[in-house]
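Observations on the three-dimensional arrangement
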2 protein chains.
Amino acid sequence: MNTIYNPNPNEWGNILKRPTSTFDDVEETVKGIFKEVQQKGDQALFKYTSLFDGVTLESLEVTSEEIEQASNRISDELKQAICLAKNNIEKFHNSQKTSRLEVETTEGVLCWQEKRPIQKVGLYIPGGSAPLFSTVLMLAVPAKIAGCKEIILCTPPDKNGTINPAILFTAQLCGVNKIYKIGGIQAIAAMTLGTQSISKVYKIFGPGNQFVTIAKQYASQLGVAIDMPAGPSELLIYADETAIPSFVASDLLSQAEHGKDSQVILVTTSKKMLLEVEKEVENQLQVLPRKEIATIAIQNSKLLFVETDEEALALINEYGPEHFIICAKNEAYFVNNIENAGSIFIGNYTPESAGDYASGTNHTLPTNGYSKSYSGVNLDSFLKAMTFQKISEKGILNIGNAIEQMAEAEGLQAHKNAVTLRLNQLK
Amino acid sequence: MNTIYNPNPNEWGNILKRPTSTFDDVEETVKGIFKEVQQKGDQALFKYTSLFDGVTLESLEVTSEEIEQASNRISDELKQAICLAKNNIEKFHNSQKTSRLEVETTEGVLCWQEKRPIQKVGLYIPGGSAPLFSTVLMLAVPAKIAGCKEIILCTPPDKNGTINPAILFTAQLCGVNKIYKIGGIQAIAAMTLGTQSISKVYKIFGPGNQFVTIAKQYASQLGVAIDMPAGPSELLIYADETAIPSFVASDLLSQAEHGKDSQVILVTTSKKMLLEVEKEVENQLQVLPRKEIATIAIQNSKLLFVETDEEALALINEYGPEHFIICAKNEAYFVNNIENAGSIFIGNYTPESAGDYASGTNHTLPTNGYSKSYSGVNLDSFLKAMTFQKISEKGILNIGNAIEQMAEAEGLQAHKNAVTLRLNQLK
């Protein structure tokens, strides 16, 4: 771990710098696959699934038999855990419902805002070593609450052409309409363009590797919305002398095991805490199954000592972490003044894994400093706000002249005329 | 105008198709200018302002003297109109404030969501023939209500190096912190990368031509958020026999005068209305100052006759118009069932220009079918939702086992361990 005492604010930018990648060659691959999916539809999907996932499929959609069998293949304990998590996620996202907002801005001028569901959404769940059924919960639960009509899910099959049963069980539990065995760039292309089997959606959600990320970015240029730009996962912990070093170390490691490029930062005003956490990380690291991955992430991690809470806060706001854990007696100061962070975890008994799985908050969060401008996924991610206005004769008499003045000054005579005609009618 | 009776639903896609453009050559220009702004800062801004706007500037920031003079150069009537509009926009966007949402999802597990302002935002206001001070209102008013700390505005200077006084007056009135004389790609590059004079922002808002649009898209790849993808403005009117043909025609024309590529569509269940509107459009068109532009847009416009309200609604939802005017006795049917539209105008006395200027709703709206997945600009566009969780000892005892189960099943042992350590401590 890299320990830095009293970093100079001029150096924060460099110290907190995220790894950047250029993707020019990936972009060409993405465009090529999109083109082929557009031209050949399902046929291209079968081809790339064979190429990248090593399995030749005869159909893409998961059958109801497969879903039923999946349910029998997972333990009752895991089912109960998933249901507990679902329940908490539902409660939290249900609370985000908003009602119609109505204002009479001027007498006779009634304006209102209503949120209506995005009709067709596509959820992408990566395959690979970790079957992320928790991400199914985080995306499908709010989609269902929002009232999205078509919720489809794409996830790559394994070499036997099957999907992890926990993913199928969770998707079914959350009301996903259709599940397809398709991953990578080809899945994003299918949801963007539509094929014989897979109908195109209006918005695509979900994490993925570099290929999926670039594919989503390209999709967004083709008229499909995406949840947010994705990057390697991040955790920043602020701990003072009241934190428990073994807990802090376990949180840093839970982030580090995500990937070699995970970002792990400790900021502290206690030198003793810094040294103890460093030692604890070394100890706990030895027994982890994903030790190899975590070790590399930890090597790139930072332990930063600063003198004051104020300095710590400024540094954290400059970074804008995806996950931010606060273990400090002065926690209210950080809670009240944090400007840029995705999700905030407060106190010694609030590990990041709680938010990853079961507290109820969403774990799809802005990385790479995007917390400065993006929200994490929430109920509104599946809705769009529409505005309405209804103006009475009285209303247009009240604001008509202002509109005429402004349209005239902007040189838009037809805009003015649309009002003048109506005012003349009322004379 | 192109009149189509009873279009076959299979043909809707083609009939409602928007013009698409490919921008490969513009992209190279954009990347080149961004690179130069990154390397040379202000010097590059001066160079391109000289090249594109035909004026050699000595400084970019508008001075307080210039702002003061501007205020003296616009009429009291226009000032009053702007203030009336501002007042309505403030009322409507103030109503969109949300308070902290707090839920105890399980005993001891407290989760909440709070929205906090995006600290630094940049507003882009195009120059050209129409000085869009109304867009200043639409962006700066909600930015101020949201509590954004730095609100900067970029707009291109004219050949004398000055900015339209109505833009300066409105920006000052709405609390914009700094105004810069810079437009086009170079303005977006400056707000994305920062220069000696202009500090970089976290999110860029505002309309623009094709160059600005591509520049914003590129900015979004470099880590800056943007309000939404932009395209030519659109209006769809549904009118039955109760509509007033001259009003309908005036609304179609107010859209058509925006640009040659404006999209104008009338859907009706009344053949009589269709013919009358067509005649009215011809008449009103003759006297418009922007007749040349409007004529071209009107040539590409569509008059669609369908038999039933149900068919009309389905077609409109398929299109997803930016602006949607409803003039029909059955208006509630359309209001209740419209799924995809940016802003909706109801009744004979609610012209689109009301929403463009003064009703209180925002006129920065999703075009090009993006109403299927995007909201128009609203208060939330200037905020991001952050989530918080605080778990007590009781709380982690309640959900800890579920987290362990799920982390184990996802193969993330360090995630599990962060909980196990805490549960052991409580044994």
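Residues numbered from 1 in each chain as written. Chains lettered and ligands numbered in written order. Predicted model: local features only at pLDDT ≥ 70, side-chain atom pairs only at ≥ 80, totals over all residues. Heavy atoms only, no water.

A full pass over the atoms with the stated rule returns 18 aromatic pairs over all chains. When the centroid spacing of 4.1 Å and the interplanar angle of 15° are considered together, the rings of Phe205 of chain A and Phe382 of chain A count as stacked. One end of the pair, Phe205 of chain A, is in strand β7 (residues 203–205); the other, Phe382 of chain A, is in the loop between α15 (352–357) and β14 (383–391), and 177 residues separate them in sequence. Residue classification places Phe205 of chain A among the buried positions, given a relative accessible area of 0%. Geometrically, the ring pair formed by Tyr370 of chain B and Tyr374 of chain B is edge-to-face, given 5.1 Å between the ring centres and 85° between the ring planes. With relative accessibility at 22%, the residue Tyr374 of chain B sits in the partly exposed group. (Phe/Tyr/Trp six-rings, centres within 6.5 Å; stacked < 30°, edge-to-face > 60°. Helix = DSSP H or I, 4+ residues; strand = E, 2+ residues; numbered from the N terminus. Buried < 20%, exposed > 50% of the residue type's maximum accessible area, 1.4 Å probe, protein only.)

Let us now look at helix α7 (residues 165–173) of chain B. Residues and elements named next belong to chain B. With seven of nine residues buried, α7 is to be regarded as a mostly interior element. Within the sequence span of α7, burial applies to Pro165, Ala166, Ile167, Leu168, Phe169, Thr170 and Ala171. As for α7, its buried residues are in contact with α4 (64–72), α5 (76–94), α6 (133–146), β5 (150–155) and β6 (178–181). The backbone nitrogen of Ala166 has a side-chain oxygen 2.8 Å away, supplied by the residue at the start of α7, namely Asn164. (Contact = heavy atoms within 4.5 Å. Polar contact = N/O pair within 3.5 Å; in protein donor to acceptor, adjacent residues only side chain to side chain.)

So, about the pattern of salt bridges. Residue and element names in this part refer to chain A. Applying the stated criterion to the full structure yields 34 salt bridges over all chains. Put simply, Glu234 and Arg18 hold a salt bridge, and the shortest N to O gap is 2.8 Å. With Glu234 in strand β9 (residues 234–239) and Arg18 in the loop between α1 (9–15) and α2 (24–40), the pair connects residues that are 216 residues apart, well separated along the chain. Overall, the relative accessible area of 1% leaves Glu234 in the buried class. Counted as one network, the salt bridges with shared partners bring together Arg100, Glu102, Glu114 and Arg116. (Salt bridge = Lys/Arg side-chain N within 4 Å of Asp/Glu carboxyl O.)

A word on the interface of chain A and chain B. On the side of chain B, 118 residues touch chain A, which itself brings 118 residues to the contact. Across the chain A to chain B interface the summed buried area is about 10200 Å²; carbon plus sulfur atoms make up 60%. For the chain A face of the interface with chain B, the top three residues by lost area are Tyr349, Glu410 and Arg422 of chain A, together amounting to 8%. Residue Asp251 of chain A pairs with Arg422 of chain B through a salt bridge whose shortest N-O separation is 2.7 Å. (Buried area = accessible area lost by both parts, 1.4 Å probe.)

Taken domain by domain, chain A consists of domain 1 (24–104 + 120–226), domain 2 (231–375) and domain 3 (392–425). Taking only C-alpha atoms into account, the centre of domain 1 of chain A sits 49 Å from that of domain 3 of chain A. (Domains from an automatic or database assignment.)

Turning next to the environment of Gln221 of chain A. Summarising the element assignment, Gln221 of chain A is placed in helix α9 (residues 210–221). The contacts of Gln221 of chain A, once residues within four sequence positions are left out, are Gln217 and Gln221 of chain B.

Residue and element names in this part refer to chain A. Spatially, β6-β5-β4-β7-β8 is the arrangement adopted by the five strands of the open sheet, whose pairing is parallel. The open sheet has two edge strands with one neighbour each: β6 (178–181) and β8 (225–226). Both β7 and β8 contribute to a ladder of two bridges, which runs parallel. Paired with Ile204 across the bridge in β8 is Ile226. In this fold helix α8 (residues 184–193) packs onto β4 (120–124), β5 (150–155) and β7, with an angle of close to 175° to the strand it touches most, β4. (Pairing = 2+ DSSP bridges. Axes fitted to C-alpha atoms, helices over the stretch in contact; angles between N-to-C directions.)

Another point: the UniProt feature "binding site: substrate" (unreviewed entry) in chain A. Sites flagged by UniProt as "binding site: substrate" (unreviewed entry) map to Ser233, Gln255, His258, His323, Asp356, Glu410 and His415 of chain A. Across 183 residues of sequence, these annotated residues are also dispersed in space, with a maximum C-alpha separation of 55.6 Å. As for its position among the elements, His258 of chain A is in the loop between α10 (245–256) and β10 (263–268). Of the residues examined, His258 of chain A reaches a relative accessible area of 34% and is grouped as partly exposed. The residue His415 of chain A is located in helix α17 (residues 413–425) in this model. Those residues in contact with His415 of chain A that lie beyond four places of it in its chain are Ala407 of chain A together with Ser254, Glu257, His258, Ser353, Asp356 and Tyr357 of chain B. (UniProt positions renumbered as here; feature names shortened; annotations may be inferred.)

The transform that puts chain A on chain B rotates by 180° and translates by 0.0 Å along the axis, for an RMSD of 0.0 Å. Here the two chains are linked by the operation of a two-fold rotation axis. Closest approach to the rotation axis among the C-alpha atoms of chain A is made by Thr98 of chain A, whose C-alpha sits 4.5 Å away. The residues that chain A uses at the interface reappear at the interface of chain B in 100% of cases, marking a shared surface. (Least-squares fit on C-alpha atoms with pLDDT ≥ 70 in both.)

Right, let's get into the nonpolar core. Membership of the largest hydrophobic core comes to 63 residues, with the highest contact counts inside it found for Val121, Leu123 and Phe382 of chain A together with Met406 of chain B. The biggest single contributor to this core is helix α6 (residues 133–146) of chain A, with 10 residues. If near-sequence neighbours (up to four positions away) are discounted, Met406 of chain B is found in contact with Leu78, Ala81, Ile82, Ala85, Phe133, Ser134, Leu137 and Tyr357 of chain A. Counting residues in hydrophobic clusters, the runner-up holds 60 residues, among them Ala407 of chain A together with Met138, Phe247 and Leu383 of chain B. (Core = buried A, V, L, I, M, F, W, Y, C linked by side-chain atoms within 4.5 Å.)

What follows is about the packing of α5 of chain B against α7 of chain B. Residue and element names in this part refer to chain B. It is the contact of α5 with α7, at a shortest axis distance of 11 Å, that shows an interaxial angle of 40°. In terms of orientation, α5 and α7 fall into the oblique class. Of the two possible hands of crossing, α5 and α7 adopt the one that is right-handed. Contact residues: Leu78, Lys79, Ile82, Cys83 and Lys86 in α5; Ala166, Phe169, Thr170 and Leu173 in α7. Partitioning the contact of α5 with α7 into residue classes produces six nonpolar, one polar and two charged. (Parallel < 35°, antiparallel > 145°, perpendicular 65-115°, else oblique. Left-handed = near helix turned anticlockwise from the far one by under 90°. Nonpolar A, V, L, I, M, F, W, Y, C, P; charged D, E, K, R; others polar.)

Turning our eyes to something else, we now look at unusual backbone geometry. Phi is positive for Asn368 of chain A, close to 60°, though the residue is something other than glycine. Checked against the element boundaries, Asn368 of chain A lands in the loop between α15 and β14.

This brings us to the sheet that holds β6 of chain B. All names here are of chain B. What the five strands build is an open sheet, ordered β6-β5-β4-β7-β8; its pairing is parallel. Among the strands making up the open sheet, the edge pair consists of β6 and β8 (225–226). Pairing of strand β4 (residues 120–124) with strand β7 (residues 203–205), which is carried by three bridges, proceeds in the parallel orientation. Directly across from Gly122, in β7, lies its bridge partner Ile204.

Let us now look at the UniProt feature "binding site: NAD(+)" (unreviewed entry) in chain A. Residue and element names in this part refer to chain A. As recorded in UniProt, the sites labelled "binding site: NAD(+)" (unreviewed entry) are Tyr124, Gln186 and Asn209. For this annotated set, covering 86 residues, all C-alpha atoms fall within 13.1 Å of each other, a compact arrangement in space. In this fold, Tyr124 is placed in strand β4. When its relative accessible area of 3% is taken as the criterion, Tyr124 is described as buried. Of note is the side chain of Tyr124, whose polar atom sits 2.8 Å from the backbone nitrogen of Gly184. By the secondary structure assignment, Gln186 is in helix α8.

This next bit is on helix α12 (residues 291–299) of chain B. Residues and elements named next belong to chain B. What α12 keeps buried is the set Ala294, Ala297 and Ile298. Along the long axis of α12, the arc covered by the buried residues comes to 100°, so they all point the same way. In this structure, the buried side of α12 is in contact with α10 (245–256) and α11 (271–285). (Arc of directions from axis to C-beta.)

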